[in-house]
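Descriptive analysis of the structure
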Amino acid sequence: MSSYYFVIIGTRDNPIYELEFSSFRSGVSGIQVPGKSQFSPSVKEILPFISHSALDIIEDAQWSTNSFNLGKIDSFYGLMINAFISQGNIKYVLCYDANGSGTNGSSSPSLNKNDENSIKQFFTEANELYVKCLLNPFYSVNNAITSPDFDHRMKLLARKYL
Amino acid sequence: MSNDNIIYPSVHSFSNLSLSDSSRTGFGYNPYKGPSSNAITPETSNILINKKTVSLTPTSFDSIYDRNILKKVPEISLSSFSFLFCEIVNWTRNNSKGIQDLEQRLNTLGYQIGQRFLELVKTRERIKYSKREIKILEILQFIHGAFWKSIFGKTANELEKSQDIENEYMIIDDIPLVSKFISVPKDYGNLSCSAFTAGIIEGALDSACFPATVTAHSVPKEGLPLRTVFLIKFDESLYTRENLRFN
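Described in the following lines is the structure provided in the data block. What you are looking at is a predicted structure, and each value in this text was computed from that prediction instead of being measured. Along each chain, numbering runs from 1 in the same order as the chain's sequence is written. Throughout, the order in which chains and ligands are written sets their labels, letters from A for the former and numbers from 1 for the latter. Only residues with pLDDT of at least 70 get local features here, since the model is predicted, and only at 80 or more are side-chain atom pairs given and counted; chain-wide, interface and lining totals rely on the full set of residues. Each side-chain value is derived from all of the structure's non-hydrogen atoms; neither hydrogens nor water enter the calculation.

All names here are of chain A. The cut-offs for exposure are 20% and 50% of the maximum accessible area for each residue type, with area from a 1.4 Å probe on protein chains only; residues under the lower value are buried, those over the upper are exposed, and the others partly exposed. In DSSP terms, a helix is any run of H or I states spanning at least four residues, a strand is any run of E spanning at least two, and both are numbered starting from the N terminus. With seven of its seven residues buried, strand β1 (residues 3–9) lies for the most part within the structure. Side chains of β1 alternate between two faces, with Ser3, Tyr5, Val7 and Ile9 and Tyr4, Phe6 and Ile8 buried alike. At least two bridges found by DSSP between two strands are what make those strands a pair. Hairpin connection of β1 to strand β2 (residues 15–22): five residues between the antiparallel strands, including Asp13 at a positive phi of 60 degrees. As defined by bridge partners, β1 adjoins strand β5 (residues 91–97) across six bridges and the pair is classed as antiparallel. Bridging across to β5, Tyr4 finds its partner in Tyr96.

This brings us to the sheet that holds strand β4 (residues 228–234) of chain B. Residue and element names in this part refer to chain B. Ordered in space as β1-β2-β4-β3, the four strands form an open sheet in which the pairing is antiparallel. Across the chains shown, the open sheet's two edge strands, defined by having one partner strand only, are β1 (158–161) and β3 (212–218). Ignoring which end each strand starts from, the neighbouring axes of this sheet average 20 degrees apart. Contacts: residue pairs with any heavy atoms within 4.5 Å of one another. The axes are straight lines fitted to the C-alpha atoms, using for helices just the contacting stretch, and the angles between their N-to-C directions are given from 0 to 180°. Contacts from helix α5 (residues 136–152) reach β1, β2 (168–173) and β4, with the element oriented near 15 degrees to β2. Relative to the sheet, helix α6 (residues 195–207) contacts β3 and β4, its axis offset from that of β3 by approximately 160 degrees.

For A:Lys132, the location among the structural elements is in helix α2 (residues 109–134). In this charge count, Lys and Arg are treated as positive and Asp and Glu as negative; neither His nor the chain ends contribute. For this analysis, a salt bridge means a side-chain nitrogen from Lys or Arg found within 4 Å of a carboxyl oxygen belonging to Asp or Glu. As a buried residue without a salt bridge, A:Lys132 has its nearest oppositely charged side chain in A:Glu128, at a separation of 4.5 Å. With residues up to four places along the chain from it excluded, the contact list for A:Lys132 reads B:Ile64, B:Tyr65, B:Arg67 and B:Ile69.

Listed by partner, the interface residues are 60 residues for chain A and 58 residues for chain B. Buried area adds together the accessible area that both of two parts lose upon being put together, with accessible area traced by a 1.4 Å probe. Summed over both partners, the interface of chain A with chain B comes to about 5,200 Å²; 60% of that surface belongs to carbon and sulfur atoms. Seen at the junction of chain A and chain B, the total is two salt bridges. Notably, a salt bridge pairs B:Arg245 with A:Asp60, separated by 2.8 Å at the nearest N-O pair. Of all the secondary structure elements, the ones that give two or more residues to the side of chain A that touches chain B are β2, α1 (41–62), β4 (79–85), α2 and α3 (148–161) of chain A. The nonpolar class holds Ala, Val, Leu, Ile, Met, Phe, Trp, Tyr, Cys and Pro. Asp, Glu, Lys and Arg form the charged class, and all remaining residues, Gly among them, are polar. Split by residue class, the side of chain A that touches chain B holds 30 nonpolar, 18 polar and twelve charged.

What follows concerns the nonpolar core. Working definition of a nonpolar core: buried Ala, Val, Leu, Ile, Met, Phe, Trp, Tyr and Cys residues. They are joined through side-chain atoms within 4.5 Å. Of all hydrophobic cores here, the largest spans 41 residues; its most connected members are B:Ile143, B:Leu205, B:Phe210, B:Ile232 and B:Phe234. Counting residues per element, the ones that place at least two in this core are α3 (78–95), α4 (99–125), α5, β2, α6, β3, β4 and α7 (236–246) of chain B. For this core, the element with the most residues is α5(B), which contributes eight residues. Every residue in contact with B:Ile232, bar those within four places of it in the chain, is listed here: B:Leu140, B:Asn167, B:Glu168, B:Tyr169, B:Ile171, B:Ile201, B:Leu205, B:Ala212, B:Thr213 and B:Val214. Grouped together as the second largest cluster of nonpolar side chains are 40 residues, A:Leu19, A:Phe122, A:Phe123 and B:Leu56 included.

The following block contains the structure:
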């Protein structure tokens, strides 16, 4: 099962929300908490760096394509990086380990396509949640999102799509 | 601070968060702690798996996050908006030092509305067709069309390019909604309360990475005494990008 690291990055390259989780479609239950991220401590500490280094590629893609979802844009030693960018220049980055479904490295292409689609769905709805947060007059662009409600909804999205 | 403190969703509470704060419910991101602050615990995992309803904040049951923002909202009454805007101008005027300052303040008020509306309108539009605006002309057409329509209920009247200056564009509105009932006294010179609308445009353009300065000028025409020109002056750096990318 894959682990995920999701981060929303503001216009000044500042993280405004982070979340670590793993796929809730867990095969082995009882052993560990469903949804808890399985990144090793050494990977955990470099995750922010990996997503930060993907920003260069995102900013390049930002002006060469006019789609919101940028798809898979980078990889780093078995970690895949997908990104999404909104019109207001807010970046959504998702890092995940690819050796999730089966240990045989590359899984069937149809499954991969499914994954891409569910990540796209996840990004789209995450963006919607962010817009709802932005509509709050007490929130201003680039503030960290500390609302427990936002966190709860985001985790529900993670459970639903990934 | 004790753990009993709920983290409320406001800027104020953000400044109160510190490294030692942890959420009582297991939900809520703390930027000083990073992802470990909202890591999934056995309790929160249980709540998520079983889709239990939880009351995290006083507003949890009628939270903005449960509303549908994609639906078109009913229009609000023009008279109530005009009263509100009248009070806004009055309040701003009392705080300001002069006409220029007054316009600047109105601009600032509009700015954050622009930032928000840009994202909102784009999110709504995405259901029909998904396209991010990356060229100057496209973003201007978007502002002039869909964006204007969702705020004022109609598109702006004209979109023109300045003949003399390369980086200047004009959006022209014959009957601007915000200043429909405003007549400017003589001693206020060329004050235009549409500076508020100019701020909205500026906020939207800036956050879409098209840095610009927008000013409002009243240019009456025969039969159209309220006709307003929004002068958009783009940053030079923008043309460097545009040339690199699209030429």
